[in-house]
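# Structure at a glance
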Amino acid sequence: MTSPLASTRSVPPPRSARPLRLGVLLSGSGTNFQAILDAIDEQRLDAKVSVVISNVASAGGLERAKRKDIPAIVIDHRRYGNRKDFDAAVVEVLEGHGVDYVVLAGFMRVLTNVLLDAFPTRVVNIHPALLPAFPGLNAQSQAFAYGVRVAGCTVHFVDAGTDTGPIIAQAVVPVRNDDDDESLRQRILRAEHKLLPTVLQWIGEGRVTAKPGPKGNDRARVVLDGVEGAFLFDDP
């Protein structure tokens, strides 16, 4: 369930008449991509993965896509002179497959305005920390080393910064006394696998929007079911 961090509510926008068409970008094994596929198969997510793109030819997520007969395309960033040219190639493929939203599922590249402008407020990322704390790489290790008592993960819209986009929802993972770096990492990963498909379903239902920030604050705010602010995802 969700716990709103605001108090006003309005009628949500109408649900889309067709499944959400997703383009997934990944650089590794693709376990969050697999969580999306599992949610679709179990009818928890009304969506279709139209294409999977990786900048790494050996990424395990590509094999996951092929097993589902999903187009799996390698675009090697090393073949491009700069990030914008690489992003332009990615946009061409995404648009060619009619993608509605782009999901970063372990994609180890910083996006430029070329891709962000092509899909404004339609690029979603899953990050293994409670943003704005611990952005960037190895967030789980950062949190463990810092000695926090609660960790977690965040789904957010992507902007030009590093993990700085508007937060949609977060899941909290308590740090146990017997945790080590790896055990905490695995429990956060399990929370990611639940949170990401849930948020994508909210988006597909037309329940998630973004609005400009208040005067003097250029950070956009997320609105879910008419309630403004980030949301906590509780998994009893």
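Here the structure is a predicted model, which is why all the values come from computation and not from measurement. (Residues numbered from 1 in each chain as written. Predicted model: local features only at pLDDT ≥ 70, side-chain atom pairs only at ≥ 80, totals over all residues. Heavy atoms only, no water.)

## So, the overall build of the chain
The helix and strand tally for the chain stands at six helices and 12 strands. The buried share of the chain, taken over its 236 residues, is 47%. Expressed as a percentage of contacts within the chain between residues at least 6 apart in sequence, the contacts between residues at least 24 apart total 64%. Of the accessible surface of the chain, which amounts to about 11,600 Å², a share of 52% is contributed by carbon and sulfur atoms. (Helix = DSSP H or I, 4+ residues; strand = E, 2+ residues; numbered from the N terminus. Buried < 20%, exposed > 50% of the residue type's maximum accessible area, 1.4 Å probe, protein only. Contact = heavy atoms within 4.5 Å. Areas by Shrake-Rupley, 256 points an atom, 1.4 Å probe, with all protein chains shown as cover.)

## Structural notes on the sheet that holds strand β9 (residues 208-211)
Strand order in the open sheet formed by three strands is β9-β10-β11, with antiparallel pairing between adjacent strands. Of all the strands in the sheet, the pair left with one neighbour each is β9 and β11 (227-228). In this structure, β9 lies alongside strand β10 (residues 221-224), joined through four bridges in antiparallel fashion. In the sheet register, K211 faces β10, and the bridge partner there is R221. (Pairing = 2+ DSSP bridges.)

## A word on the pairing of strand β7 (residues 150-157)
Counting buried residues along β7, seven of its eight residues qualify, which places the element largely inside the surrounding structure. Sheet topology places strand β6 (residues 123-127) next to β7; four bridges connect them, and they run antiparallel. Among the inter-strand pairings, V124 is bridged to a residue of β7, identified as F157. Two elements, β7 and strand β8 (residues 167-174), share seven bridges in a ladder whose sense is antiparallel. Bridge pairing in β8 places V150 opposite P174.

## Observations regarding the pairing of β10
As defined by bridge partners, β10 adjoins β11 across two bridges and the pair is classed as antiparallel. Paired with L224 across the strands is V227, a residue of β11. Connecting the antiparallel pair β10 and β11 is a turn made up of two residues, with D225 showing a positive phi of about 55°.

## Points about unusual backbone geometry
Along the chain, L131 connects to P132 via a cis peptide bond; the corresponding omega equals 10°. Residue position: P132 is located in the loop between β6 and α5 (139-146). Residues other than glycine seldom take positive phi values, yet Q43 does so here, at roughly 60°. Within the secondary structure, Q43 sits in the loop between α1 (31-41) and β3 (47-54).

## As for the nonpolar core
Counting 50 residues, the largest nonpolar core has F33, V52, I168, L195 and I203 as the members making the most contacts within it. Grouped together as the second largest cluster of nonpolar side chains are 20 residues, I53, V91, V93 and V123 included. (Core = buried A, V, L, I, M, F, W, Y, C linked by side-chain atoms within 4.5 Å.)

## Quick notes on the layout of surface pockets
Computed from the structure, the largest pocket encloses a volume of approximately 880 Å³. Around the largest pocket sit 35 residues that line it, and G106, F107, M108, I126 and P128 are the ones nearest its centre. When contributions to the lining of the largest pocket are tallied by element, the ones reaching two or more residues are α1, β6, α5 and α6 (181-204). If one sorts the elements of the lining of the largest pocket by residue count, α6 sits on top with four residues. Here the lining of the largest pocket is built from residues that sort into 12 nonpolar, 18 polar and five charged. (1 Å grid on protein atoms, 1.4 Å probe; cavity = no way out; pocket = protein on both sides within 12 Å on 5 of 7 lines; lining within 4 Å. Points joined across faces, edges and corners; volume = space filled by probe spheres on them. Nonpolar A, V, L, I, M, F, W, Y, C, P; charged D, E, K, R; others polar.)

## Structural notes on the side chain of D87
Checked against the element boundaries, D87 lands in helix α3 (residues 83-96). In this view, D87 contacts L111, T112, V114 and L115; residues no more than four positions away in its chain are not counted.

## Some details on the side chain of N55
Its location among the elements puts N55 in the loop between β3 and α2 (60-67). At a separation of 2.6 Å, a polar atom in the side chain of N55 contacts the side chain of S27. Side chain to side chain, N55 and H77 meet in a polar contact 3.1 Å long. The contacts of N55, once residues within four sequence positions are left out, are L26, S27, I75, D76, H77, F86, F107 and R109. (Polar contact = N/O pair within 3.5 Å; in protein donor to acceptor, adjacent residues only side chain to side chain.)

## Here we look at the pattern of salt bridges
Considering all chains together, one arrives at 13 salt bridges under this definition. For the salt bridge of R207 with D225, the shortest nitrogen-to-oxygen distance reads 2.8 Å. On the criterion of sequence distance, the pair formed by R207 in the loop between α6 and β9 and D225 in the loop between β10 and β11 is long-range, its members being 18 residues apart. Residue classification places D225 among the buried residues on the basis of a relative accessible area of 12%. Salt bridges here are not isolated pairs; linked through shared partners, they connect R18, R21 and D100. (Salt bridge = Lys/Arg side-chain N within 4 Å of Asp/Glu carboxyl O.)

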